[in-house]
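# Close look at the chain arrangement
Here is how the chains run, residue by residue.
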Amino acid sequence: MTKSVIHLAPHDAFHFLQENPQAVLIDVRSEMEFLFVGHPKEALSIPWRDEPDWEINPDFLARVRRATSLNRSVLLICRSGHRSLEAGLFLQANGFSAVYNVAYGFEGDLNDQHCRSSLNGWRFDGLPWEQC
């Protein structure tokens, strides 16, 4: 039986991490997005797709396995929740059972002016983040 990736709103994801210190938050955006756009505090950077060709990272599964275990909860975040969902389904297909997707991601949905961080998302919700 295949389980679906569970979606958590950013505030719910933050509270889940506070209540489950063994859980791991993985930011699956590119290294450049992680560094220059910013990222949730204490998130690990393991890109699902990265520059320059945006192909699936062939080391993604190995890096996630090194960062956590099959039995620990894994929360995934990207820009808007789409890449992280794709990565979450991949992790479930490879034996991870407790996989969560941060809905709306770090930057959230586009508004009418095609700008992010103005409707929803981790940063919009005022949750802890940092920028390098």
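Presented here is an overview of the structure given in this document. Only a predicted model underlies this, so the values are computations on that prediction, with no experimental measurement involved. (Residues numbered from 1 in each chain as written. Predicted model: local features only at pLDDT ≥ 70, side-chain atom pairs only at ≥ 80, totals over all residues. Heavy atoms only, no water.)

### Regarding the sheet that holds strand β5 (residues 74–77)
Put simply, the rule is: Any two strands with at least two DSSP-identified bridges between them are counted as paired. Only DSSP runs of H or I with at least four residues qualify as helices, and only runs of E with at least two residues qualify as strands; both kinds are numbered from the N terminus onward.
A sheet is described by the order of its strands in space; here 5 strands give the open sequence β1-β6-β5-β2-β4, paired in parallel fashion. The open sheet is flanked by β1 (6–8) and β4 (44–45), the only strands paired with a single partner. As paired elements, β5 and strand β6 (residues 99–102) share 3 bridges and run parallel to each other. Opposite L75, over in β6, you have Y100 as the bridge partner.

### Describing the packing of aromatic side chains
Applicable threshold: The rule is short: rings of Phe, Tyr and Trp, with Trp giving its six-membered ring, pair when the centres are within 6.5 Å, and they are stacked under 30 degrees, edge-to-face over 60, tilted in between. Relative accessibility decides the category of a residue: with a 1.4 Å probe and only protein chains considered, values under 20% of the type maximum give buried, values over 50% give exposed, and everything between is partly exposed. Put simply, a charge is over a ring when the Lys NZ or the Arg CZ is close to the ring centre, within 6 Å, and near the line of the ring normal, within 35 degrees.
What the rule picks out here adds up to 6 aromatic pairs. Ring geometry for F16 versus Y100: centroids 4.7 Å apart, planes at 45°, classification tilted. Taken together, the residues span a long stretch of sequence, with F16 in helix α1 (residues 10–19) and Y100 in strand β6 at a distance of 84 residues. Each of the two residues, F16 as well as Y100, counts as buried. For the ring pair W48 and F60, a centre distance of 5.0 Å and an interplane angle of 75° mean the geometry is edge-to-face. Placement of W48 in the loop between β4 and α3 (60–67) and of F60 in helix α3 is noted, with a sequence separation of 12 residues between them. Each member of the pair, W48 together with F60, is buried. One aromatic cluster is present, built from ring pairs that chain together W48, F60 and F90. The lysine or arginine in question, R123, covers the ring of W129, its NZ or CZ lying 5.1 Å from the ring centre.

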